[in-house]
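# Structure assessment
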Amino acid sequence: MPSPILPISNHPSSASAATMLLKAEIDPDPSTSLLISSQFDTEKAIPIKPLLPRASSYNSTSNVNNSNAFINYQQRRRRTASDSSLALLADESPRQSISREVGHAAAETFLITRLSLKLLRYLGVGYRWITRFLALGCYALLLMPGFIQVGYYYFFSRQVRRSIIYGEQPRNRLDLYLPKGSQGPKPVVAFITGGAWIIGYKAWGSLLGQQLSERDIMVACIDYRNFPQGTISEMVKDASQGISFVCNNIAEYGGDPNRIYLMGQSAGAHIAACSLVEQAIKEAGEGNSVSWSVSQIKAYFGLSGGYNLFNLIDHFHSRGLYRSIFLSIMEGEDSMRRFSPEVLVQDLNIKHAVSLLPPIILFHGTGDYSIPSDASKNFADTLQRLGGKAESVLYDGKTHTDLFLQDPMRGGRDEMFEDLVAIIHAGDEDALARDAVAPPRRRLVPEFMLKLAHSVSPF
């Protein structure tokens, strides 16, 4: 059962005004330049409405789905991958697979290097991000024993299908983690990784993919363009296209199309929430092209995410994600409302879209200083007030990375993982019985190294 919600206090936040001229010319070719100029006035301030009052953490109001509309959406769904591509994946020999992976790894290394150099031009010299970059190096070094084991599984396990193409852009690929059991279709988690909208990569979800697949749950880790290769609208577009691929093709890999869950972590939770709300708005009559339906998503899990950019911009600036960079990622101040799900759902013109959303469960640690836990609490409260089915599950003292990295690498059992599996397997008595006798997860990193990593974590 989900953990009880712990009381927390709201932390007031404010957003500073910024004036920005943004010209983005992004082409499918990764070598395309992104030209951004910005000028900021830090003397003015935007009046921000006070945070919404708290409500109970759970609202039992049922989601309202229009069955006739869903039939139309189902009829208009399109496949985003050809049958020949899927057949090629199935028939590929080990030698061909290794050759393809080496070539793809070389191309992505070259791309990431170029984008990193381009990103440095935007960041300039700043003590905050440099300090956090050095801390990130120490943090990664302390967790290296776990990363090596997970990396070995990622590259050599036959249960992992890497870099399945779901679209035309260079980063339109996903990794699929297949359970070993072959009896019946499996529940599926479509996962959007985090990375501050800058360093996200599909392989970051390999630890979650491995451990959920051991519980008979299939995981699809969806990659997307990062800044400066793309801005937030491209990220949301990529995520939505990846979700569409999962909804329309997962049955061919043994997944159950009637049990698809959407999940995101950190920046990935924000991107996934934007994709979900945008899709609901389209289905409410505000858009035309619909290749998947929110009714195909059984529930949405947000892990340590932020859903109101106005409440986070100053916080991110103080932690090294400078306002100028953040506004460039979010395509300027005028676009912040569009990409703030908590703000967007309060628009009276799209009120019906909220009723289309699936159940939303937001996990967050109260010790998270990268994205305060109030971000999840306030979004859940807002959805409940508007008639949506939402819940925030808070974990006492857990930081931004405890729930996603340190706790899984510690082995044994942890609350968030067990809560997640229990929700996915709810109603499946056989799966719940297997979960009850499942062996504890093995430890990947010694405890003293995990504690040191906790203390030096830049997140």
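Definitions and cut-offs
Residues numbered from 1 in each chain as written. Predicted model: local features only at pLDDT ≥ 70, side-chain atom pairs only at ≥ 80, totals over all residues. Heavy atoms only, no water. UniProt positions renumbered as here; feature names shortened; annotations may be inferred. Helix = DSSP H or I, 4+ residues; strand = E, 2+ residues; numbered from the N terminus. Salt bridge = Lys/Arg side-chain N within 4 Å of Asp/Glu carboxyl O. Buried < 20%, exposed > 50% of the residue type's maximum accessible area, 1.4 Å probe, protein only. Pairing = 2+ DSSP bridges. Axes fitted to C-alpha atoms, helices over the stretch in contact; angles between N-to-C directions. Patch = residues over 30% accessible without salt bridge, like charges linked within 9 Å, V, L, I, M, F, W, Y side chains within 5 Å. Areas by Shrake-Rupley, 256 points an atom, 1.4 Å probe, with all protein chains shown as cover. Parallel < 35°, antiparallel > 145°, perpendicular 65-115°, else oblique. Left-handed = near helix turned anticlockwise from the far one by under 90°. Contact = heavy atoms within 4.5 Å. Nonpolar A, V, L, I, M, F, W, Y, C, P; charged D, E, K, R; others polar.

### Remarks on the UniProt feature "transmembrane region" (unreviewed entry) in the chain
Under the UniProt annotation, "transmembrane region" (unreviewed entry) lies at residues 133–155. End C-alpha to end C-alpha, residues 133–155 measures 26 Å, and it is 96% helix and 0% strand.

### Some points on the pattern of salt bridges
Per the counting criterion, the structure on display carries 18 salt bridges. Between Arg215 and Asp435 there is a salt bridge, and its shortest N-O distance comes to 3.5 Å. A residue pair is termed long-range when its members are at least 10 positions apart, and Arg215 in the loop between helix H6 (206–213) and strand E6 (218–222) and Asp435 in helix H16 (residues 429–436) qualify at 220 residues. As far as burial versus exposure is concerned, Arg215 and Asp435 are alike and both buried. Through salt bridges with shared partners, one network takes in Lys398, Asp407, Arg410, Arg443 and Glu447.

### Overview of the sheet that holds strand E5 (residues 186–192)
The strands making up a sheet associate through hydrogen bonds between their backbones, and the pairing can be parallel or antiparallel. Across the sheet, eight strands lie side by side as E3-E4-E6-E5-E7-E8-E9-E10; this open sheet has mixed pairing. Looking at strand neighbours, the two that pair on one side only are strand E3 (160–165) and strand E10 (390–395), the edges of this open sheet. Adjacent strand axes in the sheet meet at a mean angle of 20°, parallel and antiparallel pairs treated alike. Bridge count between strand E9 (residues 360–365) and E10: six bridges; the pairing is parallel.

### Observations regarding a nonpolar patch on the surface
Residues Ile130, Phe133 and Leu134 make up a contiguous nonpolar surface patch of about 310 Å² in total accessible area. Considering the arrangement of structural elements, one finds Leu134 in helix H4 (residues 127–142). Judged by relative accessible area, Leu134 falls into the exposed class, the value being 57%.

### With respect to the packing of helix H14 (residues 402–410) against helix H17 (residues 447–456)
Close contact between H14 and H17 brings their axes to 10 Å; oriented N to C, the two are set at 165°. Classified by the angle between their axes, H14 and H17 sit roughly antiparallel to one another. Crossing hand, H14 versus H17: left-handed. Residue-level inspection shows Asp402, Gln406, Met409 and Arg410 of H14 in contact with H17, the latter providing Glu447, Leu450 and His454. Counted by class, the contact of H14 with H17 contains two nonpolar, two polar and three charged residues.

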